[in-house]
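Residues per chain are reported as follows:
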Amino acid sequence: VRRFESSIGSFKSSLQNMITSSEIMLDWYEKRGVVPIYKKGSLPDTQTLEEMDDEQRTEIFAKLEDKGLIQIPVSEIKPLFKEDLEKDIAILKEIQAEWLGITFDPKYEFFKEKITNSLEKEKKRKIILFTEFSDTANYLFEKLSKDKIDRVYKYTSADASKTNKEIIRRNFDAGLDEQKQIDDFDILIATDAISEGFNLHRAGTVINYDIPYNPTRVIQRVGRINRINKK
């Protein structure tokens, strides 16, 4: 539900992830005789496992079990499980087919209009856009690029590096020595990976593309540009 509220991009990604994980569970049920329970992360399909040698299989299962993989024998599962799983996959694929036909995104169009107007009125006022999900950040970055809105930088946990942090600092931190400041980017799209420990007060606007369930996050986001004793 949170990803549905966030963006079309993140919801489509969720649908694909649910289909993939359900199909892998069915694959393991039919070919390995077990139902895999794995809280977070992806599992290899049985064909990938078969192509590995014994040492590789032992190594990957050790890693998966260390991260919480549980394998339940099919003999301990109710007979209807497989039928229900196949129905789930069919329903998810029906939903996915409907969503693949959706190309107009009113939330994004409203956002694009807002930032375009903001940058035209106040050319020196940068914008920080926050989202909970990296899939939404990637989706927005791609959409803005296609719409020829440049001078946009993206930062998620996957982009975390000293180089990227330094680029953000030099473009958005007003406390940095003016000689070290640069002006390559007007918009920063970021997840909450950047909601603490960064000064971004060269920007004057924070946009919450989605609202986190924890209200403290919103305060942390705004705190990136509302710095005590700083203009």
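Residues numbered from 1 in each chain as written. Predicted model: local features only at pLDDT ≥ 70, side-chain atom pairs only at ≥ 80, totals over all residues. Heavy atoms only, no water.

K.L.:
What should I look at first to understand the packing of helix 2 (residues 8-31) against helix 7 (residues 134-146) in this one?
P.N.:
Between two packed helices, what matters for the description is the angle formed by their axes and the separation of those axes. Where helix 2 meets helix 7, the axes come as close as 7 Å, and the angle between the chain directions of the two elements is 125 degrees. Classified by the angle their axes make, helix 2 and helix 7 are oblique. Helix 2 and helix 7 meet at a crossing whose hand is right-handed. Where helix 2 approaches helix 7, its residues I8, G9, S10 and S13 are matched on the opposing element by D135, T136 and Y139. For the contact of helix 2 with helix 7, a count of residues per class yields two nonpolar, four polar and one charged. (Axes fitted to C-alpha atoms, helices over the stretch in contact; angles between N-to-C directions. Helix = DSSP H or I, 4+ residues; strand = E, 2+ residues; numbered from the N terminus. Parallel < 35°, antiparallel > 145°, perpendicular 65-115°, else oblique. Left-handed = near helix turned anticlockwise from the far one by under 90°. Contact = heavy atoms within 4.5 Å. Nonpolar A, V, L, I, M, F, W, Y, C, P; charged D, E, K, R; others polar.)

K.L.:
Can you walk me through the packing of helix 2 against helix 5 (residues 80-100) in this structure?
P.N.:
Following both chains from N to C, one finds helix 2 and helix 5 inclined at 155 degrees, their axes separated by 10 Å at the closest point. As judged from the angle between their axes, helix 2 and helix 5 are roughly antiparallel. Crossing of helix 2 over helix 5 shows left-handed handedness. Of the residues belonging to the contact of helix 2 with helix 5, the class tally is 15 nonpolar, three polar and six charged.

K.L.:
It is not clear to me how the sheet that holds strand 3 (residues 126-130) should be interpreted in this structure. Could you clarify?
P.N.:
Read across the sheet, four strands follow the order 4-5-3-6 without closing on themselves; strand pairing throughout is parallel. Two strands close off the open sheet at either side, each with one partner strand: strand 4 (152-155) and strand 6 (203-208). Across this sheet, the average inter-strand angle for adjacent strands is 20 degrees, counted without regard to direction. Across four bridges, strand 4 lies against strand 5 (residues 187-190) in parallel orientation. Across the sheet, V152 pairs through a bridge with I187, a residue of strand 5. Seen against the sheet, helix 6 (residues 106-121) touches strand 3, strand 5 and strand 6 and runs at an angle of roughly 160 degrees to strand 3. (Pairing = 2+ DSSP bridges.)

K.L.:
How do you make sense of the pattern of salt bridges when you look at a structure like this?
P.N.:
When their charged atoms lie close together, side chains carrying opposite charge are able to pair. Counting across every chain of the model gives 20 salt bridges. Between D159 and K154 there is a salt bridge, and its shortest N-O distance comes to 2.9 Å. Each of the two residues, D159 as well as K154, counts as buried. For the salt bridge of D183 with R202, the shortest nitrogen-to-oxygen distance reads 3.9 Å. Of this pair, D183 sits in the loop between helix 8 (162-172) and strand 5 while R202 sits in the loop between strand 5 and strand 6, and the two are 19 residues apart along the sequence. Classification of D183 by relative accessible area gives partly exposed; the value is 42%. Salt bridges sharing partners connect three or more residues here, namely K126, R151, D183, D186 and R202. (Salt bridge = Lys/Arg side-chain N within 4 Å of Asp/Glu carboxyl O. Buried < 20%, exposed > 50% of the residue type's maximum accessible area, 1.4 Å probe, protein only.)

K.L.:
Before we go on, may I ask you to explain the nonpolar core in this structure?
P.N.:
Counting 21 residues, the largest nonpolar core has F111, L140, L144, I187 and I189 as the members making the most contacts within it. Counting only elements with at least two residues in this core, the list comes to helix 2, helix 5, helix 6, strand 3, helix 7 and strand 5. In this structure, L140 is in contact with Y108, F111, L129, I189 and Y209, ignoring residues within four places of it in sequence. Core analysis: the next-biggest nonpolar cluster, separate from the first, contains 14 residues, F130, F172, I194 and I225 among them. (Core = buried A, V, L, I, M, F, W, Y, C linked by side-chain atoms within 4.5 Å.)

K.L.:
Quick question: what am I supposed to make of the layout of surface pockets here?
P.N.:
Any empty space left between atoms is shown by rolling a water-sized probe over those atoms. In this structure, the largest pocket occupies an estimated 530 Å³ of space. Lining the largest pocket are 17 residues, with N17, S21, Y38, G41 and S42 positioned closest to its centre. If you list the elements that add at least two residues to the lining of the largest pocket, you get helix 2, strand 1 (34-37) and helix 5. With seven residues, helix 2 is the single largest residue contributor to the lining of the largest pocket. Across the lining of the largest pocket, the residue classes tally to eight nonpolar, seven polar and two charged. (1 Å grid on protein atoms, 1.4 Å probe; cavity = no way out; pocket = protein on both sides within 12 Å on 5 of 7 lines; lining within 4 Å. Points joined across faces, edges and corners; volume = space filled by probe spheres on them.)

K.L.:
Could you clarify how one ought to interpret the pairing of strand 3 in this entry?
P.N.:
Looking along a regular strand, one sees the side chains alternate between the two faces of the sheet. For strand 3, the tally of buried residues reaches five of five residues, placing the bulk of the element in the interior. Where strand 3 meets strand 6, five bridges bridge the pair, whose relative direction is parallel. Bridging across to strand 6, I128 finds its partner in V206. The pairing of strand 3 with strand 5 spans four bridges and is classified as parallel. Considered in strand 5, the bridge of L129 is made with I189.

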